[in-house]
Amino acid sequence: MATDYDAPRKTDDEISEDSIEELKNRRIDKSSGIVDVDESELAESLELPGADLSNEELAVRVLPRQADEFTCSRCFLVHHRSQLAKEERGQFICRDCAA
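All figures in this text were calculated on a predicted structure; none of them were measured in a lab.

Chemist: With reference to specific residues and values, describe the overall build of the protein.
Modeler: When helices and strands are counted, the protein shows four helices and four strands. Along the protein, helices (α) and strands (β) appear in the sequence α-α-α-β-β-β-β-α when read from the amino end. When each of the 99 residues of the protein is scored for burial, the buried share is 6%. Element-wise, carbon and sulfur atoms account for 51% of the exposed surface of the protein, whose accessible area totals about 9600 Å².

Printed below as a string of structure tokens:
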């Protein structure tokens, strides 16, 4: 929990003067952040390693590499030319891999 060190601090007398209603409201506010999760729905959304995905189809449109893009020779991702860090012997290296 974050603490505001610049806020004025309460004295012991002020702390004991907090009403019961105010303390109950604080208690309710803290529990309001709890999220109810249905475990059966959570279990259905998980995919286990080695699951049979042979009947699944991907609906992703794949574009060929554009003229202003390159493929990094280390991570094999396609990047825009602005991400080019260096070229070594005809192999392109992106900024992330060069760092």
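Back to the write-up after that little detour.
Chemist: Outline the state of the cysteines, supporting the account with residue identities and numerical values.
Modeler: In total, this model carries zero disulfides according to the counting rule given. Free of any disulfide, C94 has its nearest neighbouring cysteine sulfur in C97, separated by 3.6 Å. On the basis of relative accessible area, C94 is assigned to the buried category, the value being 1%. When its relative accessible area of 24% is taken as the criterion, C97 is described as partly exposed.

Chemist: So what's going on with a negative patch on the surface? Residues and values would help.
Modeler: There is a patch of like negative charges on the surface, built from D38, E39, E41 and E44. What makes E41 exposed here is its relative accessible area of 54%.

Chemist: Please set out the pattern of salt bridges residue by residue, giving values where relevant.
Modeler: Enumeration according to the criterion identifies one salt bridge in this entry. One salt bridge in this structure joins K86 and E88, with 3.3 Å as the shortest N-O distance. Classification of E88 as partly exposed rests on a relative accessible area of 31%.

Parameters and conventions
Residues numbered from 1 in each chain as written. Predicted model: local features only at pLDDT ≥ 70, side-chain atom pairs only at ≥ 80, totals over all residues. Heavy atoms only, no water. Helix = DSSP H or I, 4+ residues; strand = E, 2+ residues; numbered from the N terminus. Buried < 20%, exposed > 50% of the residue type's maximum accessible area, 1.4 Å probe, protein only. Areas by Shrake-Rupley, 256 points an atom, 1.4 Å probe, with all protein chains shown as cover. Disulfide = S-S within 2.5 Å. Patch = residues over 30% accessible without salt bridge, like charges linked within 9 Å, V, L, I, M, F, W, Y side chains within 5 Å. Salt bridge = Lys/Arg side-chain N within 4 Å of Asp/Glu carboxyl O. Lys, Arg positive; Asp, Glu negative; His and termini not counted. Charge placed at Lys NZ, Arg CZ, Asp CG, Glu CD.

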